[in-house]
Amino acid sequence: MVMYPLADIPVLQLSMPTQDPDRLLDVGARLRPLTDEGVLVIGSGFMTHGLPFITRAILESQVPG
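What comes next concerns the included structure. Keep in mind the model is a prediction, meaning the values are calculated, not measured. (Residues numbered from 1 in each chain as written. Predicted model: local features only at pLDDT ≥ 70, side-chain atom pairs only at ≥ 80, totals over all residues. Heavy atoms only, no water.)

A few words now on the pairing of strand E1 (residues 11-15). With 5 bridges connecting them, E1 and strand E2 (residues 40-44) associate as parallel partners. Counterpart to Gln13 in the pairing with E2 is Ile42. Since E1 and E2 lie parallel, the crossover through helix H1 (residues 21-36) that links them has a hand, and here it is right-handed. (Pairing = 2+ DSSP bridges. Helix = DSSP H or I, 4+ residues; strand = E, 2+ residues; numbered from the N terminus. Right-handed = clockwise from strand over helix to strand, strands pointing away.)

Pasting the structure below:
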């Protein structure tokens, strides 16, 4: 709503199908023509899907020092 308050842009939400960079680049290349047609492509998944499983201990183990 903030970016497009009139909701006048088509949106394709895509859950990321893999972590393999080559496959993700291939997916991006296949979706590229949609952006030329004014479609907003949003990739989701991975990090946001795992948020319920992040604990303070995990976060603290990632802090250097």
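Let us look at H1. End to end, H1 covers 23 Å across 16 residues, agreeing with the expected 22 Å (1.5 Å per residue, within 8%). A distance of 2.8 Å separates the backbone nitrogen of Asp22 from a side-chain oxygen at the start of H1, and that oxygen is part of Asp20. Two residues or fewer past H1, Gly38 is found with a positive phi of approximately 85°. (Expected span 1.5 Å × (residues − 1). Polar contact = N/O pair within 3.5 Å; in protein donor to acceptor, adjacent residues only side chain to side chain.)

Attention shifts here to the environment of Gly38. Mapped onto the elements of the fold, Gly38 is located in the loop between H1 and E2. Counting along the chain gives 28 residues from Gly38 to Pro10, while the straight-line C-alpha distance between them is 7.2 Å.

All right, on to a nonpolar patch on the surface then. Taken together, the side chains of Ile54, Ile58 and Leu59 make up a nonpolar region of the molecular surface, amounting to roughly 240 Å² of accessible area. Mapping Leu59 onto the fold places it in helix H3 (residues 56-61). (Patch = residues over 30% accessible without salt bridge, like charges linked within 9 Å, V, L, I, M, F, W, Y side chains within 5 Å. Areas by Shrake-Rupley, 256 points an atom, 1.4 Å probe, with all protein chains shown as cover. Salt bridge = Lys/Arg side-chain N within 4 Å of Asp/Glu carboxyl O.)

Attention shifts here to the pattern of salt bridges. All told, the structure shown has 2 salt bridges when counted by the stated rule. Ionic pairing is found between Asp36 and Arg32, a salt bridge with its closest N-O pair at 3.1 Å. Of the two residues, Asp36 and Arg32 are both situated in helix H1; the distance of 4 residues between them amounts to about one turn of the helix. Among the residues examined, Arg32 registers a relative accessible area of 48% and is labelled partly exposed. (Buried < 20%, exposed > 50% of the residue type's maximum accessible area, 1.4 Å probe, protein only.)

A few words now on unusual backbone geometry. Non-glycine residue Ala7 carries a positive phi angle of around 50°. Positionally, Ala7 belongs in the segment before E1. On the accessibility criterion, Ala7 (59% relative accessible area) is exposed.

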